[in-house]
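For reference, the chains in residue letters:
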Amino acid sequence: MAEGRLKAEQRQFIPVTFTLNGKPQEIQVEPHELLIDVIRNRFGFTGTKRSCDVQVCGACTVLVDGRPLSSCTFLAFEARGRDVLTIEGLAQNGKLHPLQQAFIEHGGFQCGFCTPGMILAAKSLLDQNANPTRQEIIHFMDGNICRCTGYKKILESIQAAAKTLRQRGSRV
Amino acid sequence: MLRRFRLEEPESVKEASELLARHGEAARIYAGGTELLLAMKEGLVQYERLINVKKIPGLDQVKLENSTIRIGALPTHTNLEEDPVLKQKLPAFVQMEHNVANVRVRAVGTLGGNLCFAEPHADPGTVLMVLGAKLVAEKASAKREIPAEQFFVDAYETCLEADELLTDIRIPAMPERAGAAYLKFGYLERPSVGVGLFIDWDQGDTIADARIAVGCAGPRPKRVAEAEELLKRKSTKEAASALARAGEVAARAADAIGDLHGSAEYKEHIVGVLLKRAFQQISQQRSSKSQR
Ligand SMILES: Cc1cc2nc3c(=O)[nH]c(=O)nc-3n(C[C@H](O)[C@H](O)[C@H](O)COP(=O)(O)OP(=O)(O)OC[C@H]3O[C@@H](n4cnc5c(N)ncnc54)[C@H](O)[C@@H]3O)c2cc1C
Ligand code: FES
Ligand code: FES
């Protein structure tokens, strides 16, 4: 009993002010809480998937300040002051992002488990490099694993989205 | 699942070192956490406290000071692959960083964390050895410089004392006529074999200095002086024909271990192949430089 109470008293809470899918949020987390659990359990954004849990597969990919990272192995308090994007934050005003549209049109997924991570990683790439070569796409996407679609269609989807985004960019 | 721990966030190296001294085995430095959190999730290690060093100012920089490139312990692999100073001064290092792990690990994992964890299947240690780097370790009461060759003691073991932090990596600028390369091979997430090579020429075609290091194959990365001697004071052509022998010597020195990444014999063979390719790469860069 006494030990239990002591432990409870020692619990440490860290205030975390951050942006999640464009909305400012303020929460308290314990140091050991992982970003994936906070995103899924507190905010209900279950598009972020846990699979390998060891930073190999990319199913848990989220963008933090525009960069992909493995939310399965990233402490939630590190989101302090940062901008977190999950797959739920990608569509704007009910309109799918060109990457989402391209994955649908080019058959870039089958079961869809890897897809949120694939699309977010690809978004980070295209934000940095509007016209990546095939080789650049392969290098960047190397850590996102798909066990059913095959990578050809995923590559085609990304190339198609890149083209759409470039055309859109040149129109404005 | 991670067990509950306390987080400390010191704002100086001294404070971090004092926390290490006070809490001993119960505390551990935490940088990117890409290795540490994995080991904690697996239950392989357990700590009551993690000491986040990312609030310590100045450790996240890359600077050119006179003819030395100073890299703090905290830049991530992504920071390093994109750094303009490094791109200009140490392209072989940038190339290595570009190929570490995957994009997500590169975005979070730090150079210092990579070196301090001393996972055998890692790239930076091998490159730093051939670039002649020194690592700076600091504790509350003292600071020292450690040549990269002496930093790694065994698999997962460095020469850092319990209350020491790695703060800086110092790399001398490349001599004008010198070239360096790092090549690796692997088919799992981490590399099976890595070979680093540095060659410096005199005004003519004689190799004035050569450094060879091998990593990943054995428990720790290693310089191989005996193999270097086979190339020194040779013409480029003579050195090219001594490469097979140098590769055998380096392969033997690697202390290759048979594991999931391949048999010892296989890794030894790859050491020789990568050494030859590294030499070709450096020689080609040299001749394209002289044509410009
Ligand atoms: C899937 C995967 C693939 C990988 N592939 C590669 C690869 O191809 N090549 C490669 O080289 N590496 C690879 N790595 C390793 C990767 O480079 C490291 O995980 C990363 O750089 C470690 O840095 P960190 O900041 O996350 O370290 P942390 O996990 O924070 O720390 C690691 C260890 O170092 C200690 N430490 C950290 N900083 C300091 C300091 N300044 N002073 C003293 N001690 C310190 C910590 O106490 C801890 O014990 C891979 C890792 C993963 C997970
Ligand atoms: S679940 Fe995080 S990388 Fe696989
Ligand atoms: S679509 Fe099933 S894992 Fe990629």
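Every value quoted in this text rests on a predicted model; they were computed, and no experiment measured them.

### Describing the sheet that holds strand 1 (residues 14-20) of chain A
All names here are of chain A. Taken in spatial order, the five strands of this open sheet run 2-1-5-3-4, and their pairing is mixed. Single-partner strands in this sheet number two, and they are strand 2 (23-29) and strand 4 (67-70). This sheet shows a mean twist of 40° between the axes of neighbouring strands, independent of strand direction. Strand direction decides the pairing type here: strand 3 (residues 61-64) and strand 5 (residues 83-85), joined by two bridges, are antiparallel. Residue pairing for strand 5: Leu63 is matched across the bridge by Leu85.

### Looking at the domain arrangement of chain B
It is common to report an interface's size as the accessible area lost on association of the parts. Residue and element names in this part refer to chain B. Parsing chain B into structural domains produces domain 1 (6-52), domain 2 (62-172) and domain 3 (178-290). For domain 2 and domain 3, the distance between their C-alpha centroids amounts to 20 Å. When domain 2 packs against domain 3, the two sides together hide about 1,900 Å² of surface, and 60% of this comes from carbon and sulfur. In this structure, the salt-bridge partner of Glu149 is Arg223, at a minimum N-O distance of 2.6 Å. Our count for the domain 2 to domain 3 interface comes out at nine residue pairs in polar contact (both at pLDDT 80 or more). Sort the elements by how many residues they give to the side of domain 2 that touches domain 3 and helix 8 (residues 124-130) lands first, with five residues. Residue classes in the side of domain 2 that touches domain 3 are distributed as twelve nonpolar, six polar and four charged.

### Some details on the site of ligand 1
Contacts to ligand 1 come from 34 residues, most closely from Ile29, Gly32, Thr34, His77 and Thr110 of chain B. Taken together, the residues near ligand 1 originate from chains A and B. At 3.0 Å, a side-chain N or O of Arg28 of chain B approaches an oxygen atom of ligand 1. One of the backbone nitrogen or oxygen atoms of Gly32 of chain B is found 2.7 Å away from an oxygen atom of ligand 1. Calculation on ligand 1 without its partners gives an accessible area of 980 Å², and the protein chains cover 97% of this total. Of all the secondary-structure elements, those providing two or more residues to the shell around ligand 1 are strand 2 (27-30), helix 2 (36-41), helix 7 (111-117) and strand 10 (165-172) of chain B. The leading source of residues in the shell around ligand 1 is helix 7 of chain B, at four residues.

### Regarding the domain arrangement of chain A
Residue and element names in this part refer to chain A. The domain architecture assigned to chain A consists of domain 1 (11-89) and domain 2 (98-166). Computed from C-alpha coordinates alone, the two centres of domain 1 and domain 2 are separated by 22 Å. At the junction of the two partners, domain 1 supplies 17 residues and domain 2 supplies 14 residues. Across the domain 1 to domain 2 interface the summed buried area is about 1,200 Å²; carbon plus sulfur atoms make up 66%. Our count for the contact surface shared by domain 1 and domain 2 stands at zero salt bridges. Seen at the junction of domain 1 and domain 2, the total is four residue pairs in polar contact (both at pLDDT 80 or more). Top contributing element to the side of domain 1 that touches domain 2 by residue count: strand 3, with three residues.

Scoring rules and cut-offs
- Residues numbered from 1 in each chain as written.
- Chains lettered and ligands numbered in written order.
- Predicted model: local features only at pLDDT ≥ 70, side-chain atom pairs only at ≥ 80, totals over all residues.
- Heavy atoms only, no water.
- Pairing = 2+ DSSP bridges.
- Helix = DSSP H or I, 4+ residues; strand = E, 2+ residues; numbered from the N terminus.
- Axes fitted to C-alpha atoms, helices over the stretch in contact; angles between N-to-C directions.
- Domains from an automatic or database assignment.
- Buried area = accessible area lost by both parts, 1.4 Å probe.
- Salt bridge = Lys/Arg side-chain N within 4 Å of Asp/Glu carboxyl O.
- Polar contact = N/O pair within 3.5 Å; in protein donor to acceptor, adjacent residues only side chain to side chain.
- Nonpolar A, V, L, I, M, F, W, Y, C, P; charged D, E, K, R; others polar.
- Near = heavy atom within 4 Å.
- Areas by Shrake-Rupley, 256 points an atom, 1.4 Å probe, with all protein chains shown as cover.
- Contact = heavy atoms within 4.5 Å.

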